[in-house]
Amino acid sequence: MAVGIFDSGLGGLTVLSAVEARLPDLPLVYFGDNAHTPYGVRDADDIYDLTTRGVQALFDMGCDLVILACNTASAAALRRMQEGWVPQDKRVLGVFVPLIEALTERKWGDNSPPRPVAVEHVALFATPATVSSRAFQRELAFRAVGVDVEAQPCAGVVDAIEMGDMILADALVRSHVEALMRRMPKPEAAILGCTHYPLVEDVFRDALGEGVAVYSQPDLVAEALADYLARRPEFIGDGQGTRFVTTGDPASVSNKATQFLRRRIEFTAADI
Ligand code: DGL
């Protein structure tokens, strides 16, 4: 019926927005688990339970393909879901691989051995759960050698964004960038490894300064999805338009989403 986009809250809207721009006719259902955000401070079992519950709701709404537009869920739950939980006729894709392919200048399906790449010092900004999973480093090691990754767990940033407190989010981002740059003064690239962070991307860019290439996921994920659907058109679905559902309070989530996307967004209560 539609492609599902899942996030713990509002961050996945950055991916939804890029997907809508790249594939304007694609029917979508957005699921925000706002009642349980943030995921980034939870343990892996908890994240797995919440993610499978939300993705099941999207399956039940007719989505055969779901994008986990959440690095924390992709890092902590995706592999376990793909190994034993996702039904054969459904697909669940994460957001890490398009980012790492861009960083390592690889095309989809390039399974050649890991090789040296242009960047050697990479700063990773992500939630505490994503950082402690080391999933980014693992995926990178399949494709590249000789890359030094310094990771900063950005405690508090997702909460501040979910509360709509952008002044606090700004201050936290600056202090996390400063903390990382004390350990790695000259990164060549910075990865925004959380789908909430594009909402404060300008602050990251400003704090990092010139000369740091910033990799942000929304456009990369939208391009990877377009590529996937060109190869697997049966997952496009025949629904109409975009629906937004949340486990949180629909009125308050709608208001914040409207503020972030700068157009009126109406969430309804998720039926779970
Ligand atoms: N947007 C999620 C991510 O990409 C948010 C994490 C959270 O809920 O802490 O990691």
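Conventions and cut-offs
- Residues numbered from 1 in each chain as written.
- Predicted model: local features only at pLDDT ≥ 70, side-chain atom pairs only at ≥ 80, totals over all residues.
- Heavy atoms only, no water.
- Helix = DSSP H or I, 4+ residues; strand = E, 2+ residues; numbered from the N terminus.
- Rg over C-alpha atoms; globule rule 2.2 N^0.38 Å.
- Contact = heavy atoms within 4.5 Å.
- Areas by Shrake-Rupley, 256 points an atom, 1.4 Å probe, with all protein chains shown as cover.
- Lys, Arg positive; Asp, Glu negative; His and termini not counted.
- Charge placed at Lys NZ, Arg CZ, Asp CG, Glu CD.
- Pairing = 2+ DSSP bridges.
- Axes fitted to C-alpha atoms, helices over the stretch in contact; angles between N-to-C directions.
- Expected span 1.5 Å × (residues − 1).
- Near = heavy atom within 4 Å.
- Polar contact = N/O pair within 3.5 Å; in protein donor to acceptor, adjacent residues only side chain to side chain.
- Buried < 20%, exposed > 50% of the residue type's maximum accessible area, 1.4 Å probe, protein only.
- Phe/Tyr/Trp six-rings, centres within 6.5 Å; stacked < 30°, edge-to-face > 60°.
- Right-handed = clockwise from strand over helix to strand, strands pointing away.

Undergrad: I would appreciate a short explanation of the overall build of the chain in the present structure.
TA: Across its full length, the chain carries twelve helices and twelve strands. For 272 residues, the compact-globule estimate of 2.2 N^0.38 gives 19 Å, and the chain sits close to it at 18 Å. The dimensions of the chain, computed from C-alpha atoms along their principal axes, are 45 × 45 × 35 Å. Here the analysis covers contacts within the chain between residues at least 6 apart in sequence; of these, 76% occur between residues at least 24 apart. Per element, the accessible surface of the chain, about 11,900 Å² overall, is 50% carbon and sulfur. Mean positive and mean negative side-chain charge positions of the chain (25 and 37 charges, respectively) differ by 3 Å.

Undergrad: How should the sheet that holds strand β2 (residues 28–32) be read in this particular structure?
TA: In any sheet, the strands associate via hydrogen bonds between backbone groups, in a parallel or an antiparallel arrangement. With parallel pairing, six strands are arranged side by side in an open sheet as β4-β3-β1-β2-β11-β12. Unpaired on one side and paired on the other, β4 (91–93) and β12 (268–269) mark the two borders of the sheet. In this structure, strand β1 (residues 2–7) lies alongside strand β3 (residues 63–68), joined through five bridges in parallel fashion. If you follow Gly 4 over to β3, its bridge partner there is Val 66. Relative to β3, helix α11 (residues 217–231) is tilted by about 155°, and along the sheet it contacts β3 and β4.

Undergrad: Explain helix α9 (residues 166–183) to me, please; I cannot follow it from the model alone.
TA: With 18 residues, α9 should reach 26 Å at 1.5 Å per residue; the first-to-last C-alpha distance of 26 Å fits that figure. Its buried side turned inward, α9 meets β6 (121–126), β8 (148–153), α8 (157–163) and α10 (201–208).

Undergrad: Honestly, the site of the ligand in this entry has me stumped. Any pointers?
TA: Within the structure, the ligand sits among 14 residues, and Ser 8, Tyr 39, Gly 40, Thr 72 and Thr 195 are positioned closest to it. Thr 72 has a polar side-chain atom sitting 2.7 Å from an oxygen atom of the ligand. One nitrogen or oxygen atom from the side chain of His 196 is found 2.8 Å from a nitrogen atom belonging to the ligand. If the ligand stood free it would expose 300 Å²; the protein chains cover 99% of that surface.

Undergrad: Mind showing me how you'd approach helix α2 (residues 44–60) here?
TA: Two residues of an α-helix separated by three or four positions point the same way, owing to the 3.6 residues in each turn. Between its first and last C-alpha, α2 extends 24 Å over 17 residues, near the 24 Å set by a 1.5 Å rise per residue. All buried positions along α2 are accounted for by Ile 47, Tyr 48, Leu 50, Thr 51, Thr 52, Gly 54, Val 55, Ala 57, Leu 58 and Phe 59. Between a side-chain oxygen at the N-terminus of α2 and the backbone nitrogen of Asp 45 the separation is 3.2 Å; the capping residue is Asp 43. Gly 62 occupies a position one or two residues after α2 and carries a positive phi of about 100°.

Undergrad: What is the right way to read the packing of aromatic side chains from this model?
TA: A full pass over the atoms with the stated rule returns ten aromatic pairs. Consider the rings of Tyr 30 and Phe 267, whose centres lie 6.0 Å apart with planes at 80°: the pair is edge-to-face. Of the two residues, Tyr 30 is situated in strand β2 and Phe 267 in the loop between α12 (250–261) and β12; the sequence distance between them amounts to 237 residues. There is no split in this pair, since Tyr 30 and Phe 267 are both buried. With 5.7 Å between their ring centres and 20° between their planes, Phe 59 and Trp 85 make a pair best called stacked.

Undergrad: Any chance you could explain the pairing of β1 here in plain terms?
TA: Moving residue by residue along a regular strand, the side chains alternate between the two faces of the sheet. Counting buried residues in β1 gives six out of six residues, a clear majority hidden from the surface. Bridge analysis of β1 against β2 gives five bridges, and the strand direction is parallel. Looking across to β2, one finds that Val 3 is bridged to Leu 28. On the question of chirality, the crossover connecting β1 to the parallel β2 by way of helix α1 (residues 12–22) is right-handed.

Undergrad: What is the right way to read the environment of Gln 56 from this model?
TA: Tracing the chain through its elements places Gln 56 in helix α2. Counting along the chain gives 62 residues from Gln 56 to Ala 118, while the straight-line C-alpha distance between them is 40 Å.

Undergrad: Even after reading the chapter, I still don't get the sheet that holds β8, so can you show me in this structure?
TA: Here we have four strands laid out as an open sheet, ordered β8-β6-β9-β10, and parallel in their pairing. What marks the edges here is a single partner per strand, and that holds for β8 and β10 (213–216). Neighbour-to-neighbour, the strand axes of the sheet open up by a mean angle of 20°, direction not taken into account. Pairing of β6 with β8 involves six bridges; the strand directions are parallel. Looking at the pairing, Leu 124 lines up with Ala 151 of β8.

None of this, on its own, says anything about what the molecule does.
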